[in-house]
Amino acid sequence: MASGTLDTPASSAPPSRRPGGRAAIVARTLRTDNWRKAPILTVVLLTAWIVISVVRVYMQKWYWVEDYHYLTPFYSPCFSTGCVPEAAHFGRFLPDWPILPYAAPSLAVLGLFRFTCYYYRKAYYRSYWGSPPACGVPDLHKSYKGESRFPLILQNSHRYFFYTAFVLSAVNTYDALLAFHSPGGGFGLGLGNFILVGNVIMLWAYTLSCHSCRHLMGGRLRHFSKHPVRYRAWTQISRLTGKHMQLAWATLATLLITDLYIMAVSAGWISDLRLIG
Amino acid sequence: MGYDHHFRVWRGDDTGGELDDFSVEVNDGEVVLDIIHRLQATQAPDLAVRWNCKAGKCGSCSAEVNGKPRLMCMTRMSTFDKDEVVTVTPIRTFPVIRDLVTDVSYNYEKAREIPSFVPPADLAPGEYRMQQVDVERSQEFRKCIECFMCNNVCHVIRDHEENKEQFAGPRYLMRVAELDMHPLDQADRQHEAQEQHGLGMCNITKCCTEVCPEHIKITDNALIPMKERVVDRRYDPLVWLGNKILRRTPDRDRSSTTD
Amino acid sequence: MTDGNGTTTETYERHDFDVIVIGAGGAGLRAAIAAREEGMRTAIVCKSLFGKAHTVMAEGGAAAALGNVNPKDNWKVHFRDTMRGGKFLNNYRMAELHAKEAPQRVWELETYGALFDRTKDGRISQRNFGGHEYPRLAHVGDRTGLELIRTLQQKIVSLQQEDFRETGDYESRIKVFAECTVTELIKDGDRISGAFGYWRENGRFLVFSAPAVILATGGIGKSFKVTSNSWEYTGDGHALALRAGASLINMEFVQFHPTGMVSPPSVKGILVTESVRGDGGVLKNSEGERFMFNYIPDVFKAQYATSAEEADKWYTDPDNNRRPPELLPRDEVARAINSEVKAGRGSPSGGVFLDIASRLPAAEIQRKLPSMYHQFKELADVDITAEPMEVGPTCHYVMGGVEVDADTQQSRVPGLYAAGEVSGGMHGSNRLGGNSLSDLLVFGMRAGVAAAQYVGSLGGTRPAVSEETVAAATEAALAPFAIQGGENAFTIQQDLQQSMNDLVGIIRKAEEVEQALLTLQDLRGRVAKVSVAGGRVFNPGWHLALDLRNMLLVSECVAKAALERTESRGGHTRDDHPAMESEWRKINLVLSLTSTGRLEDETVGLERQPVPTMPTELLQLFEWGELSKYMTPEELEGLPGATKMAPLPESEGA
Ligand SMILES: Cc1cc2nc3c(=O)[nH]c(=O)nc-3n(C[C@H](O)[C@H](O)[C@H](O)COP(=O)(O)OP(=O)(O)OC[C@H]3O[C@@H](n4cnc5c(N)ncnc54)[C@H](O)[C@@H]3O)c2cc1C
Ligand code: SF4
Ligand code: SF4
Ligand code: FES
Ligand code: FES
């Protein structure tokens, strides 16, 4: 570019990006709606849930209802030598230490499955970490590199936890099937079964609605038209994925309900509402 | 019908500015942009604002209304209470030029860094055959009107100026996804998404999706699938092994012979 | 540099290019791609941000006889439809080139990455539109213009990336000057030598020096109150061409789109795409009558259904039924709506009802017309899947424009080209929907190639930009700052829009147009005294003050031509001369400046010029009976076959 002038040598440059140069708006956010509500609610609910389940996991009792073969998901599969033998469908090999939950391996995997879940990530990045607390509200941290480096780059392992969570959902299904049991040994049916089955259905819905699942099912394809079956599966799963957040919360609720119900029955505080047996 | 509404509009330039108060007439069915135009015509003829279509199609009139990124032409006054102050400020993430107009060149620079569509060498114009189901995913992203509100709201650059260098922003990460899902594109884009365009910086907090006036599911349909595709290539030995055993091209079903 | 109080040491940037393209809509971008591919260093200058030009708003589609949906379609049918739509006033050569080349131009877009909606067998899907005999509009839902502009924009980026790989500079061959308004073309003798403009962002001036300038500035619709057009449509290109010595033709033909939104008042004029009707929507008056059956003109009787039954069958069996009259060319539909409203059968807000809700299932409406659904939901609180829309005519498109050579798009001025809406002739008296987007591609490319060839032919001798012209342009641009206490530009603009709308609008009368000319004269005086508050940094008041001069000049051209043409044809309806006259078909009205200088001194001259006559092989594409409705007996006499064929009372549409 040359520049010219009418009577003096020119020095004008084309307009270009000014460094920084943002509007000097004093308020850090001008949002007038109640944007604090969502993050606060998330922190309160998630923290409460974690506290309750940690307490439950360390109780190491009231997880099994002998009469009806109800096993809470928090203790499944029960691997510890401390487990009631009837509740341990897959062997007992973990030492019975107070600091080691009876179902430590599956709890770890499921915990990490949820920890690395795309929805929970969003939820805790926003509410616990404040990065950002809400849209249009400044990040609470000075510097930010996101998931581009250690440790958060490990979030990319989500897919492995999905694989294992898939297997564990099958285990939970198995537990729920074994629970159609009456004290006499034959088929039985009680309120607990509905709760267990409901929980398992929700767990499947949550697990299948996982973004990794959606990807593996069909998302990774370039030509849907050449894979009609996978395309159909992808379409269905996409529908579930759209509800992933709702499912994430719903499963927290069903897990807790299932566990607390079984605890209460197991401890003898209430008795199961029996329909058969 | 008409009544007077209390407006606060940020006025100033890169040397400074402030929120100015206005009381301005509002009529039935009007949108924020109508009010800004009324201010121009009656009280502030040099009030700078961008707009073109006034119908949510061009993406020119992006601003922040009560702290939220909005198209002014699609924000109806009826969504506010009559005594609720309406505050209009320029997009925060980009340098201000004057009043509500900002310098959005960041976006054009990033657009230029995304490698373009690579057409198949063996197809002449008119020979392209693509199935509707195969183009639909990319078509969703092509609804984008480039209002740049997603890039504006994304905290990665909104709150961290220094990241602008490495981060293409949701709009252009979505462009990478669009091309990666294009049924005939010949380029390999997955490593670049992570290395050059900063996909890893996105922490999927979904503000981009929340503000998109075209209701594009940016996070669910572009960013997360792109992250998963990157995992395929970089972090998943199973997929790598599968490709080896089945002798597929690493680039999934890209070459038309394998699928 | 001074800020508004005259000029002392006004600096400016200077840029040298081979080709300057003014306008970054479909036409401008396609021209720039062509020029760059021909090896020219090319600049693209536009008033808005890159990618926001009017083309982005086009909804329905781009017309091209691809024959994907109905294999009977070909360029001849498309040509015939275009000529019919324009009431045979079109520049036949442009219509021919357009029909022949549109398919190639549309297919090319796919190689740039465009993703049109597909047919079952994977080709580009095509939809029905008013005046097109077969489904012909390549489309992407109802956002085709967005796809088109984004595709071209991305092609430009890909060329820049190529240049970057070669030269290390993205902008070594194509540079975009966004938010930069051209206010003057510069000439050296009788040839173009450059252009003068300002950055909207900071008010600084720039001078482009280049032997070729392609105007692609779009239309003039902002001079009317009710319009689907944006602030950009101030007729800049038309005015720049006039001032540079070029001529305009067909300026009396302004298209009023039949369906614009009418309520709430603030959205009045915003377009409701014709696809609503193409996909089955029908027009009804307040009595619930599907009134279009009463408005089928004689020339179209053969092609349009006369009963609702037949019309409805056409959607599924177009080969054995005639088309619904809702799909008549736009001018007919717009006039019909106007008459219904005048007769007291209008909707509450002064339009008529457009009903798609009772015709298609809700899900299908949402899939086929997503942005219409969105637009009504958000702007008018109307759910178009459940209730009818209220619609009325809105100023949409100007058929008239710079008079150009059909093959090269060159104007009378060597080095000055025009393509897209700013050029005239292609659409005759009325444009068919969808023909604009394809026009942009076909003639954009032609203009780019021709400009490149022209520049190539110049060899080393380039026309120069003189300091005096730059000084004069600077002074003119800064003039409004020098005036104290004058009027606000926005007020004058409103007055202009109101009078054009009322007096030179959809239905015209001699007295009213004369009245308009007087008003325009008066407005000229007011515009000369406009003053501007504030500085030069992004100051819309100043920008409008400069644009107003163009609006005035162009409005005067429209009014002058409208007064002269004492017949009704296409986008020009004279209440006092309601008939279409065969004699007038032979005449183009050509406008040029007879004296130049300051705004007050400019005078517009008008000449009559014969419409180019179609060669026999093109004439033979039509049935004699159809031609006889448009042509004078003398013209028909010379026609081969005229004597052999008995004059048919009604042509059976081929
Ligand atoms: C709502 C709507 C819907 C439409 N739908 C359809 C459709 O479905 N099918 C169809 O075929 N047609 C349609 N049209 C018509 C069609 O979109 C336009 O005619 C066409 O886009 C015009 O393109 P263009 O390239 O000539 O100009 P535009 O796209 O309008 O671009 C003009 C360019 O010139 C620039 N410019 C103007 N003046 C200056 C200046 N002084 N200095 C620098 N730059 C300047 C502008 O900034 C802009 O970049 C529609 C139009 C509208 C308004
Ligand atoms: S989801 Fe990612 S890209 Fe979108 S706003 Fe959040 S961090 Fe930015
Ligand atoms: S993706 Fe949505 S928010 Fe982002 S630029 Fe495009 S339209 Fe705007
Ligand atoms: S489980 Fe939430 S995304 Fe995988
Ligand atoms: S003006 Fe075009 S989106 Fe608002």
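Let us look at the structure shown here. (Residues numbered from 1 in each chain as written. Chains lettered and ligands numbered in written order. Predicted model: local features only at pLDDT ≥ 70, side-chain atom pairs only at ≥ 80, totals over all residues. Heavy atoms only, no water.)

Residues and elements named next belong to chain B. Burial of strand S3 (residues 62–65) is two-sided: the residues Ser 62 and Glu 64 facing one way and the residues Ala 63 and Val 65 facing the other way are all buried. Judged from the four bridges that link them, S3 and strand S4 (residues 68–71) form a sheet pairing that is antiparallel. Counted as the bridge partner of Glu 64 is Pro 69 from S4. Counting the residues in the hairpin turn of S3 and S4 gives two residues, including Asn 66, whose phi is positive at 45 degrees. As defined by bridge partners, S3 adjoins strand S5 (residues 86–89) across two bridges and the pair is classed as antiparallel. Following the sheet pairing, Glu 64 is matched in S5 by Thr 89. (Buried < 20%, exposed > 50% of the residue type's maximum accessible area, 1.4 Å probe, protein only. Helix = DSSP H or I, 4+ residues; strand = E, 2+ residues; numbered from the N terminus. Pairing = 2+ DSSP bridges.)

All names here are of chain A. Counted under the stated rule, the structure contains 41 aromatic pairs over all chains. Following the ring pairs from residue to residue traces out a cluster consisting of Phe 113, Tyr 119, Tyr 120, Tyr 160, Phe 162, Tyr 163, Phe 166, Trp 204 and Tyr 206. Residue placement shows Lys 61 over the ring face of Trp 62; its charged tip is 4.2 Å from the ring centre. The aromatic ring of Tyr 206 is capped on one face by Arg 114, whose charged end is 4.2 Å from the ring centroid. (Phe/Tyr/Trp six-rings, centres within 6.5 Å; stacked < 30°, edge-to-face > 60°. Lys NZ or Arg CZ within 6 Å of the ring centre and 35° of its normal.)

Residues in close proximity to ligand 3 include B:Cys144, B:Ile145, B:Glu146, B:Cys147, B:Phe148, B:Cys150, B:Met174, B:Cys212, B:Pro213 and B:Ile218, which together make up its full environment. Residue classes in the shell around ligand 3 are distributed as nine nonpolar, no polar and one charged. (Near = heavy atom within 4 Å. Nonpolar A, V, L, I, M, F, W, Y, C, P; charged D, E, K, R; others polar.)

Another point: the sheet that holds strand S7 (residues 174–178) of chain C. Residue and element names in this part refer to chain C. One open sheet accounts for five strands, arranged S7-S3-S2-S11-S18; its pairing is parallel. If you trace the sheet from one side to the other, it starts and ends with S7 and strand S18 (416–418), each paired once. Averaged over all adjacent pairs, the angle separating strand axes in this sheet is 20 degrees, with direction ignored. By the bridge criterion, five bridges tie strand S3 (residues 42–46) to S7 in an arrangement that is parallel. (Axes fitted to C-alpha atoms, helices over the stretch in contact; angles between N-to-C directions.)

This part is about the pattern of salt bridges. Side chains bearing opposite charge may pair, as long as their charged atoms lie close to each other. Taken as a whole, this structure holds 90 salt bridges over all chains when the rule is applied. A:Asp259 is paired through a salt bridge with A:Arg56; the nearest N and O atoms lie 2.6 Å apart. Taken together, the residues span a long stretch of sequence, with A:Asp259 in helix H8 (residues 244–266) and A:Arg56 in helix H1 (residues 37–59) at a distance of 203 residues. Residue classification places A:Arg56 among the buried residues on the basis of a relative accessible area of 2%. Between C:Asp312 and C:Arg290 there is a salt bridge; the shortest N-O distance is 3.2 Å. Of the two residues, C:Asp312 is situated in helix H7 (residues 308–314) and C:Arg290 in the loop between strand S14 (282–284) and H7; the sequence distance between them amounts to 22 residues. A relative accessible area of 12% means that C:Arg290 is categorised as buried. (Salt bridge = Lys/Arg side-chain N within 4 Å of Asp/Glu carboxyl O.)

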